[in-house]
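Letter by letter, the chains look like this.
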Amino acid sequence: HSLRNIDELCASIVRSHRETNQYRVEELQALRWKLFSREELQAYQSKSVDEMWQHCAIRLTDAVQYVVEFAKHIPGFRMLSQNDQIALLKTGSMEVVLVRMSRFFNTENNTVFFDGKFAGAEIFKSLACGDLITAVFDFAHDMCGLKLTEQQIALFSALVLINADRPCLEDRGRVQRVQRSVELGLTHILHRDNQDNLMHKLYQRMAVLRSLCSLHMEKLRWFSQRYPLTAHSLFPPLYKELFA
Ligand SMILES: CCS(=O)(=O)c1ccc(CC(=O)Nc2nc(-c3ccccc3)c(C(=O)c3ccccc3CC(C)C)s2)cc1
């Protein structure tokens, strides 16, 4: 890998990250103090479990669509077989959504961007999965502590997605080669930013992401058993395809 290739790889991943985000950082910084009123909060909290799950699944699926677009523009991702691309998105897209959402977490009042405003954990009460919500908020808070730049987030997101250890890959070797080039890109960016020490912290966060996503899958299984109709006929098809 000549340095030129690595620079080009980083530039295309950063460009793709920027072009596939629903919101720009500046946009959401401006909304940071736009909070839900007590009435709005009560309206969310009085939704039934299945209503709130459906509401969130739709929004989560929106965010996942953008991650699919991001993946398609990662050099080397499109070279992989269709099956391997799906396998990587199945396990990685939620993780990238969590990394992206964490950028907009407001650590001063512990709120996350949801439905156009910033919401505290209590708004998700009717989901009846408090441990998942707490874990997501803790992760977002922790990620903010790393103060990653958009470029670092772009390369980290690509590395989260292109992971040769994922289950049911056809050509693990090929995924490994793409993963190694993205790893080189991330270490290159961190070295340039004089933050080599971040690399091992980011690998630690990848393990937390995996546990968050298995908790999400566990909650989804619990929900689908209790509300089969909602899960099978009212959730977005992409949500079912990727998570169910
Ligand atoms: C991701 C791209 S982005 O431009 O940053 C962006 C784009 C769009 C938004 C707005 C948005 O959809 N926010 C959502 N927030 C949460 C959420 C919820 C609980 C805690 C923390 C955040 C959503 C979820 O549905 C969710 C997310 C993670 C785990 C679990 C769930 C709920 C389960 C039941 C599906 S959707 C925010 C950020």
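Notes on the structure follow. Just so it is clear, the structure is predicted and the values come from calculations on it, not from any experiment. (Residues numbered from 1 in each chain as written. Predicted model: local features only at pLDDT ≥ 70, side-chain atom pairs only at ≥ 80, totals over all residues. Heavy atoms only, no water.)

### Some remarks on empty space enclosed by the protein
Phase 1: Under the counting rule described, the total for this entry stands at one cavity of 30 Å³ or more.
Phase 2: Put simply, the largest cavity is a space of about 50 Å³.
Phase 3: Lining the largest cavity are Leu98, Met101, Ser102, Val112, Val136, Phe137 and Ala140.
Phase 4: When residues of the lining of the largest cavity are traced back to their parent elements, those giving at least two are helix 5 (82–102) and helix 6 (130–146).
Phase 5: Split by residue class, the lining of the largest cavity holds six nonpolar, one polar and no charged. (1 Å grid on protein atoms, 1.4 Å probe; cavity = no way out; pocket = protein on both sides within 12 Å on 5 of 7 lines; lining within 4 Å. Points joined across faces, edges and corners; volume = space filled by probe spheres on them. Helix = DSSP H or I, 4+ residues; strand = E, 2+ residues; numbered from the N terminus. Nonpolar A, V, L, I, M, F, W, Y, C, P; charged D, E, K, R; others polar.)

### Details of the side chain of His216
Phase 1: Looking at the secondary structure, you find His216 in helix 9 (residues 198–226).
Phase 2: By relative accessible area, which is 4% here, His216 ends up buried.
Phase 3: In contact with His216, other than residues within four places in its own chain, are Leu60, Met94, Leu132, Tyr239 and Phe243. (Buried < 20%, exposed > 50% of the residue type's maximum accessible area, 1.4 Å probe, protein only. Contact = heavy atoms within 4.5 Å.)

### Observations concerning the environment of Ile162
Phase 1: Here Ile162 shows up in the loop between helix 7 (150–161) and helix 8 (172–192).
Phase 2: According to the relative accessible area criterion, Ile162 is buried, its value standing at 0%.

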